[in-house]
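Listed here are the chains, written in short residue letters.
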Amino acid sequence: MLDHRSFSHDGSDVLDRLKTRGVDEAQIAELKDLVDRRRKAIQELEAKRRELNEATQEVQQKAKAGDMDAVATAREGLKSLKASIKESEEVEGSVQNELSDLLLTIPNIPHPSVPVGADEAANRVEREWGERRAFSFEPKPHWELGETLGILDFERAAKISGSRFVVYRGGGARLERALIQFMLDRAVDNGYQEVAPPVLVRPEAMLAAGQYPKFVGESYETLESEYVLIPTSEVPLVNMHRDEILSEADLPIRYAAYTPCFRREAGAAGRDTRGILRQHQFNKVELVAYTAAEESEAELERLTGNAEEILKALELPYRVMSLSTGDLGFAATKTYDLEVWLPSQETYREISSCSSCSDFQARRAQIRYRSIED
């Protein structure tokens, strides 16, 4: 959630950067109008409160002087002024609620270093690692190899759950488990505390993490909408300290979690849906860090480096991409995608996203920290 103070005074730079994210002119106009109305409502309310204080002091002085007729008249004026203040408070509260509701639908402001562009075509290659192997034969895609080796079973998964599910069997199940263990151990070695969080969360947890309201309906909700199956363990990890005031001395706080994740992938029809790509259920190891604001950029570089270490250890050629303004996730201010080279498709595919969300999620989750100096 953005800070409304970002739009005070001119705010044109912030608004221009939001436009590069696809925020339309109507939303920009509404945002500017609400910020202006809120400011005027607060000024009017504060003026009336000052007037009430002054009037109250005058009544007290008249009472001391024994002018009770004037006191009675003045008290009637105080009643009228208090009623007017109550009306102004309701107006200010209503405008604030409108502004808060709108801000929940506005994505994060892109960092100045993010390449500007409408979509993934504008993403920028930051660096590459590893040598792409050349084969004397045509490499098979993983779904063919998996079925041939008997480690991936799509047919029986479809019988059990439908399309976009897989049963890992034998060596496939062991490989999946081994990779999860390998990644968690690496994360712990790098200073992350391992967490095993719930995979069912309440809707307010999705809101705090920036998944709601934009992605309502894209996750799996229970019939009563009481719980949501997590699309990523980022959701429970971000909510670990919701509504808390942390001590700066305790920062950074770093968490790592393995969970199954669940996504409808409603908009992915016909796109990268073969094999184990874009599954409705998949396993993921997530890294989340809480840092002081001035350490956010350095923490993103550290986290990205931690993820790169995994790919280097597995000897997988990859590249690091800076996502453009049009390709950023809703809550992110800056994102690096790690893309691994797939010989069978002769292309890179994203297998990890490392993002900084600045104070976007912290504001939504009401997470603050107390400075050491305080």
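Everything here concerns the structure above.
Residues numbered from 1 in each chain as written. Predicted model: local features only at pLDDT ≥ 70, side-chain atom pairs only at ≥ 80, totals over all residues. Heavy atoms only, no water.

Caption draft 1: Layout of the overall build of the protein. Helix and strand content of the protein: 10 helices and 14 strands. Projected onto its principal axes, the C-alpha positions of the protein cover 105 × 45 × 40 Å. A buried classification covers 38% of the 374 residues belonging to the protein. Partitioning the intrachain contacts of the protein with sequence separation of at least 6 by distance along the chain shows that 73% fall at a separation of at least 24. Only carbon and sulfur atoms are counted for the fraction: they give 48% of the accessible area of the protein, which is about 21,200 Å². Taken together, the 49 basic and 66 acidic charged side chains of the protein have centroids lying 2 Å from each other. (Helix = DSSP H or I, 4+ residues; strand = E, 2+ residues; numbered from the N terminus. Buried < 20%, exposed > 50% of the residue type's maximum accessible area, 1.4 Å probe, protein only. Contact = heavy atoms within 4.5 Å. Areas by Shrake-Rupley, 256 points an atom, 1.4 Å probe, with all protein chains shown as cover. Lys, Arg positive; Asp, Glu negative; His and termini not counted. Charge placed at Lys NZ, Arg CZ, Asp CG, Glu CD.)

Caption draft 2: Representation of the sheet that holds strand β4 (residues 193-195). Within the open sheet, the 3 strands sit side by side as β4-β9-β10. Their pairing is mixed. Each edge of the sheet is formed by a strand with only one pairing partner; in this case those strands are β4 and β10 (281-290). Taken over all neighbouring pairs, the strand axes of this sheet differ in orientation by 25 degrees on average, direction set aside. Note that β4 and strand β9 (residues 253-262) share 3 bridges and pair parallel. Across the sheet, the residue bridging to Gln193 is Tyr255, located in β9. Here helix α6 (residues 171-189) sits on the sheet in contact with β4, β9 and β10, set at roughly 0 degrees to β10. (Pairing = 2+ DSSP bridges. Axes fitted to C-alpha atoms, helices over the stretch in contact; angles between N-to-C directions.)

Caption draft 3: Inspection of the sheet that holds strand β13 (residues 347-356) at higher detail. Strand order across the open sheet formed by 4 strands is β1-β11-β12-β13, with antiparallel pairing between neighbours. Whereas interior strands pair on both sides, the edge strands pair on one side only; in this sheet they are β1 (124-129) and β13. Recorded for the sheet is a direction-independent mean angle of 25 degrees between the axes of neighbouring strands. Seen against the sheet, helix α9 (residues 296-313) touches β1, β11 (318-322), β12 (334-342) and β13 and runs at an angle of roughly 10 degrees to β12.

Caption draft 4: Summary view of the packing of α6 against α9. Where α6 contacts α9, the axes come no closer than 10 Å and their chain directions differ by 135 degrees. One element, α6, and the other, α9, form an angle in the oblique class. Relative to α9, α6 is oriented so that their crossing is right-handed. Taken together, the residues of α9 that come into contact with α6 (itself represented by Phe182, Met183 and Arg186) are Glu309, Ile310 and Ala313. When the residues that make up the contact of α6 with α9 are grouped by side-chain class, the tally is 4 nonpolar, no polar and 2 charged. (Parallel < 35°, antiparallel > 145°, perpendicular 65-115°, else oblique. Left-handed = near helix turned anticlockwise from the far one by under 90°. Nonpolar A, V, L, I, M, F, W, Y, C, P; charged D, E, K, R; others polar.)

Caption draft 5: How the structure looks around the pairing of β12. In terms of burial, β12 is largely enclosed, as 8 of its 9 residues are buried. In this sheet, β12 lies alongside β11 in antiparallel orientation, the contact comprising 5 bridges. Bridge pairing in β12 links Tyr318 to Val340. Pairing analysis gives 9 bridges linking β12 to β13, with the strands arranged antiparallel.

Caption draft 6: Region of the structure containing helix α5 (residues 154-161). Where α5 starts, the residue carrying a side-chain oxygen 3.3 Å from the main-chain nitrogen of Glu155 turns out to be Asp153. Within two residues after α5, Gly162 carries a phi angle of roughly 105 degrees, on the positive side. (Polar contact = N/O pair within 3.5 Å; in protein donor to acceptor, adjacent residues only side chain to side chain.)

Caption draft 7: Main features of the pattern of salt bridges. For the coordinates displayed, the defined rule picks out 20 salt bridges. The salt bridge partner of Glu265 is Arg278, with a shortest N-O separation of 3.4 Å. With a gap of 13 residues between them, Glu265 in the loop between β9 and β10 and Arg278 in the loop between β9 and β10 connect regions that are remote in the sequence. We classify Arg278 as partly exposed; its relative accessible area is 28%. (Salt bridge = Lys/Arg side-chain N within 4 Å of Asp/Glu carboxyl O.)

Caption draft 8: Spatial organisation of the environment of Gln361. Tracing the chain through its elements places Gln361 in helix α10 (residues 360-365). By relative accessible area, Gln361 is classed as buried at 10%. Along the backbone, Gln361 and Ala209 are 152 residues apart, and their C-alpha atoms lie at a distance of 5.6 Å. Side chain to side chain, Gln361 and Glu234 meet in a polar contact 2.7 Å long.

Caption draft 9: Layout of the packing of aromatic side chains. Under the counting rule described, the total for this entry stands at 6 aromatic pairs. When the ring of Phe215 is compared with that of Phe330, the centres are 6.5 Å apart and the planes differ by 85 degrees; the resulting orientation is edge-to-face. Placement of Phe215 in the loop between α7 (203-208) and β6 (220-221) and of Phe330 in the loop between β11 and β12 is noted, with a sequence separation of 115 residues between them. Each ring, one from Tyr255 and one from Tyr290, has its centre 6.1 Å from the other, and the planes form 85 degrees; the classification is edge-to-face. With Tyr255 in strand β9 and Tyr290 in strand β10, this residue pair connects regions lying 35 residues apart in the sequence. A residue is classified by how much of its surface remains accessible, and Tyr255, at 6% relative accessible area, is buried. Grouped by ring-pair contacts, the aromatic residues Phe215, Phe330 and Phe360 constitute a single cluster. A cation over a ring is seen here: Arg132 above Trp341, with NZ or CZ 4.3 Å from the ring centre. (Phe/Tyr/Trp six-rings, centres within 6.5 Å; stacked < 30°, edge-to-face > 60°. Lys NZ or Arg CZ within 6 Å of the ring centre and 35° of its normal.)

Caption draft 10: Highlighting unusual backbone geometry. In this structure, Pro213 follows Tyr212 across a cis peptide bond, with omega equal to 5 degrees. Structurally, the position occupied by Pro213 is in the loop between α7 and β6. Cis geometry marks the peptide bond from Leu251 to Pro252, where omega comes out at 0 degrees. The phi torsion at Glu315 lies on the positive side, around 55 degrees, for a residue other than glycine. One can find Glu315 in the loop between α9 and β11.

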